[in-house]
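Structural characterization, general
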Amino acid sequence: MLKGFGRTPFGPRTTPGLGAAPTSADEPPPLPSEAPPPPKPTPPPPAAARPREAPKEPNPADEAYETLKRHIHMRLVDRLDLNRVTEMDPSTLRGEVRNVVEHLCDSENPLLNRNERMRLVNEILDETFGFGPLELLLKDEKIADIMINGPRKIFVEKEGRIQRSEVVFRDDEHLLQIIDRIVSRVGRRVDEASPMVDARLPNGSRFNAIIPPLSLDGATVTIRMFGSRPLTKDDLLRFKAFTPEMLALMEAAMRARLNIIISGGTGSGKTTLLNTLSSFIQPDHRVITIEDAAELQLQQDHVVRLETRPPNIEGRGAVTATDLVKNALRMRPDRIIIGECRGAETLDMIQAMNTGHEGSMTTVHANSPRDALSRLETMISMAGLELPIRALRSQFASAIDLIIQASRLQGGPRKVVSISEVIGMEGDMIIMQEIFAFRQLGIDGNSRAYGEFIATGVRPTFMDRLEYAGCALAPDLFRARTLLKD
Ligand SMILES: Nc1ncnc2c1ncn2[C@@H]1O[C@H](COP(=O)(O)OP(=O)(O)OP(=O)(O)O)[C@@H](O)[C@H]1O
Ligand SMILES: [Mg+2]
């Protein structure tokens, strides 16, 4: 219970809000200038970041809390010396603002207890410097996805399950302000003229927003969280995303510079796998990554990161993945990694894989290894690149060595469900063989899929390549058997 709010003597607001201040971009609506000193504030309170209370039934204590927060926020904006704000280094500024807010808390409402005061100060700092209500969710390491459908409906995927969050934005305007703040940091914009935008949060998370009129029920935001540190191979082994045998094959394939496609449905863990496997790249290899919104977190020193660019407001200046792959080839790459193949760049990547950039990788949205090949084929033909199908397939067959299929199974577990080798062509068909697989056996009492990882008994034909590269694998690794049940 928040003590003492009913007695807070809120004085009328004397100085106008500093609308243009960088720190007031999402300043709450001004209090009525004749705000009565004590009791219940009249207009229904904005519920900016209210993590733990249900959004429906406003409780008088919350109203008082929100009013106090707005009030202190406004006093803060009044006090900021804008000339100094722009000159100061951000961490010093944050420290100074914290002091001012703490001081204001004490002078405005000395009856706050320690926790209340800390929460209030943190929330005001989040509103001023950060992403408002989103900050709370962004700090939660267990969240994989944040889905905002308008200001009051926010869902998160936590531990494999989608649930409604109690965090809400004040209103449409508040949500739009936060979106604007996020995208303008990376030099992008969102407005009626360009209502869809991709960006990246400072913590590396991928951010997408689509606003009205394209989204019908308010601005819609989707955030893919990657946590403060990328998942490692040990984390994924622990989660039973694959077995040590599968990891041994993937590691050897990476070191021996096989070309790898990671295939999977949406949110199946493709980018995570790409990141994790990239840790096996030799430190002296020059890696060039190409992405639409940079989300790869490669551990190597020698990485050059390139990002595509959407057209500007006049429709000019777009830089596509194809442009970047072409440019990358002139940058002496040892390996090229394309975050996700979506279109014409597929052909450039396949050609790069065939012309001395072995060890390249990409991901593709597809539901099986076979489907991955046909998706790549479709992307090339949709891009209007007319190539005889047989010629195209034989390029695929010689370029691609391994397809790793990721899947998000019912109930949330993410697993590598197939590792298949591309062997070659037979007639017009690309021939593949599966080496390891996960076979789902059923659904348990918690509606969670279970099954077993198996070795199919097939030994890859590239064993000699692994051996030449000094990463030979024992043939016994591939003996047909069940590897692990989960
Ligand atoms: N094996 C795993 N176990 C638990 N969580 C995982 C696992 N793999 C990935 N994740 C988490 O799941 C989420 C989705 O992963 P990721 O972004 O790699 O999927 P994706 O297939 O690339 O998705 P998209 O199709 O949207 O690009 C991330 O938050 C990631 O941290
Ligand atoms: Mg991805």
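Residues numbered from 1 in each chain as written. Chains lettered and ligands numbered in written order. Predicted model: local features only at pLDDT ≥ 70, side-chain atom pairs only at ≥ 80, totals over all residues. Heavy atoms only, no water.

For the rest of this paragraph, the subject is the overall build of the chain. For the chain, the count of helices and strands is 14 helices and 16 strands. Relative to all contacts within the chain whose residues are 6 or more apart in sequence, the contacts with residues 24 or more apart total 60%. Summing over all exposed atoms, the chain offers an accessible surface of approximately 22,600 Å²; the carbon and sulfur share of this is 52%. (Helix = DSSP H or I, 4+ residues; strand = E, 2+ residues; numbered from the N terminus. Contact = heavy atoms within 4.5 Å. Areas by Shrake-Rupley, 256 points an atom, 1.4 Å probe, with all protein chains shown as cover.)

The pairing of strands in a sheet happens through backbone hydrogen bonds and is either parallel or antiparallel. One open sheet holds the ten strands; their spatial order is 9-8-10-11-7-12-13-14-15-16, and the pairing between them is mixed. Because the sheet does not close on itself, it has two edges, and the strands there are strand 9 (303-307) and strand 16 (481-485). When the angles between neighbouring strand axes are averaged without regard to direction, this sheet yields 25 degrees. When strand 8 (residues 287-291) meets strand 10 (residues 335-338), the two strands line up parallel, connected through four bridges. Across the sheet, residue valine 287 finds its bridge partner in strand 10, namely arginine 335. Across the sheet, helix 13 (residues 389-399) touches strand 13 (414-426) and strand 14 (429-443), and the angle it forms with strand 13 is around 120 degrees. (Pairing = 2+ DSSP bridges. Axes fitted to C-alpha atoms, helices over the stretch in contact; angles between N-to-C directions.)

Our next topic: the pattern of salt bridges. Counted under the stated rule, the structure contains 28 salt bridges. A salt bridge links glutamate 295 to arginine 206; the nearest nitrogen and oxygen atoms lie 3.3 Å apart. On the criterion of sequence distance, the pair formed by glutamate 295 in the loop between strand 8 and strand 9 and arginine 206 in strand 5 (residues 206-210) is long-range, its members being 89 residues apart. (Salt bridge = Lys/Arg side-chain N within 4 Å of Asp/Glu carboxyl O.)

Moving on, we get to the site of ligand 1. The environment of ligand 1 is made up of 19 residues, and the closest members are Arg206, Arg224, Lys270, Thr271 and Thr272. Alanine 144 has a polar backbone atom sitting 3.5 Å from an oxygen atom of ligand 1. Backbone polar atom of glycine 269 to an oxygen atom of ligand 1: 3.0 Å apart, as the coordinates give it. (Near = heavy atom within 4 Å. Polar contact = N/O pair within 3.5 Å; in protein donor to acceptor, adjacent residues only side chain to side chain.)

Here we have six strands laid out as an open sheet, ordered 3-2-1-6-5-4, and antiparallel in their pairing. Among the strands making up the open sheet, the edge pair consists of strand 3 (161-164) and strand 4 (196-200). For this sheet the average axis-to-axis angle between neighbouring strands, irrespective of direction, equals 15 degrees. Across the face of the sheet, helix 6 (residues 172-185) comes into contact with strand 1 (143-149), strand 4, strand 5 and strand 6 (220-224) while running at roughly 130 degrees to strand 5.

With that out of the way, let us pick up the pairing of strand 14. For strand 13 and strand 14, the ladder comprises eight bridges, and the chain directions are antiparallel. Considered in strand 14, the bridge of isoleucine 419 is made with phenylalanine 436. In textbook terms, the turn of a hairpin is the stretch between consecutive antiparallel strands, and for strand 13 and strand 14 this stretch comprises two residues, one of which, glycine 427, has a positive phi near 65 degrees. In this structure, strand 14 lies alongside strand 15 (residues 449-455), joined through seven bridges in antiparallel fashion. In the strand pairing of strand 15, isoleucine 443 is matched with alanine 449. Counted along the chain from strand 14 to the antiparallel partner strand 15, the turn is five residues long, and its residue serine 447 has a positive phi close to 60 degrees.

This part is about the side chain of glutamate 291. Its location among the elements puts glutamate 291 in strand 8. It turns out glutamate 291 is buried and unbridged, and the closest side chain with the opposite charge, arginine 305, is 5.2 Å from it. Contact partners of glutamate 291, with chain neighbours within four places excluded, come to Leu296, Leu306, Glu307, Thr308 and Gly339. (Buried < 20%, exposed > 50% of the residue type's maximum accessible area, 1.4 Å probe, protein only. Lys, Arg positive; Asp, Glu negative; His and termini not counted.)

Nonpolar side chains in soluble globular proteins generally cluster together in the buried interior. Grouped together as the largest cluster of nonpolar side chains are 45 residues, with contacts concentrated most on Phe242 and Phe436. Ranked by the residues each element gives to this core, the list is headed by helix 8 (residues 244-255), at seven residues. Ile290, Ala328, Ile338 and Ala372 belong to the second-largest nonpolar core, a separate cluster that totals 34 residues. (Core = buried A, V, L, I, M, F, W, Y, C linked by side-chain atoms within 4.5 Å.)

Another point: the confidence of the model for the chain. Residue-level pLDDT values for the chain average 84, and 86% of them are 70 or greater. For residues 1-57, every residue scores under 50 in pLDDT, and the model assigns this stretch 122 contacts once sequence neighbours within four places are set aside. (pLDDT = per-residue confidence, 0-100.)

Now for unusual backbone geometry. For the bond from proline 212 to proline 213, the omega torsion is 10 degrees, close enough to zero to count as cis. With respect to the helices, strands and loops of the structure, proline 213 is situated in the loop between strand 5 and strand 6. Although it is not a glycine, arginine 257 sits at a positive phi angle of roughly 60 degrees. When you line up the elements, arginine 257 lands in the loop between helix 8 and strand 7 (260-264). Of note in the backbone geometry, serine 447 takes a positive phi value of approximately 60 degrees without being a glycine. Its place among the elements puts serine 447 in the loop between strand 14 and strand 15.

Its twelve residues give helix 8 an end-to-end C-alpha distance of 16 Å, which sits within 8% of 16 Å, the value for a rise of 1.5 Å per residue. Listed as buried for helix 8 are Glu245, Met246, Leu247, Leu249, Met250, Ala252, Ala253 and Met254. A positive backbone phi angle near 60 degrees is found at arginine 257, which sits one or two residues after helix 8. (Expected span 1.5 Å × (residues − 1).)

As a further point, take the side chain of glutamate 135. Of note, glutamate 135 is situated in helix 5 (residues 134-138). Although glutamate 135 is buried, it forms no salt bridge, and the closest oppositely charged side chain is lysine 139 at an N-O distance of 4.4 Å. Among residues more than four places away in sequence, those in contact with glutamate 135 are Asp126 and Gly130.

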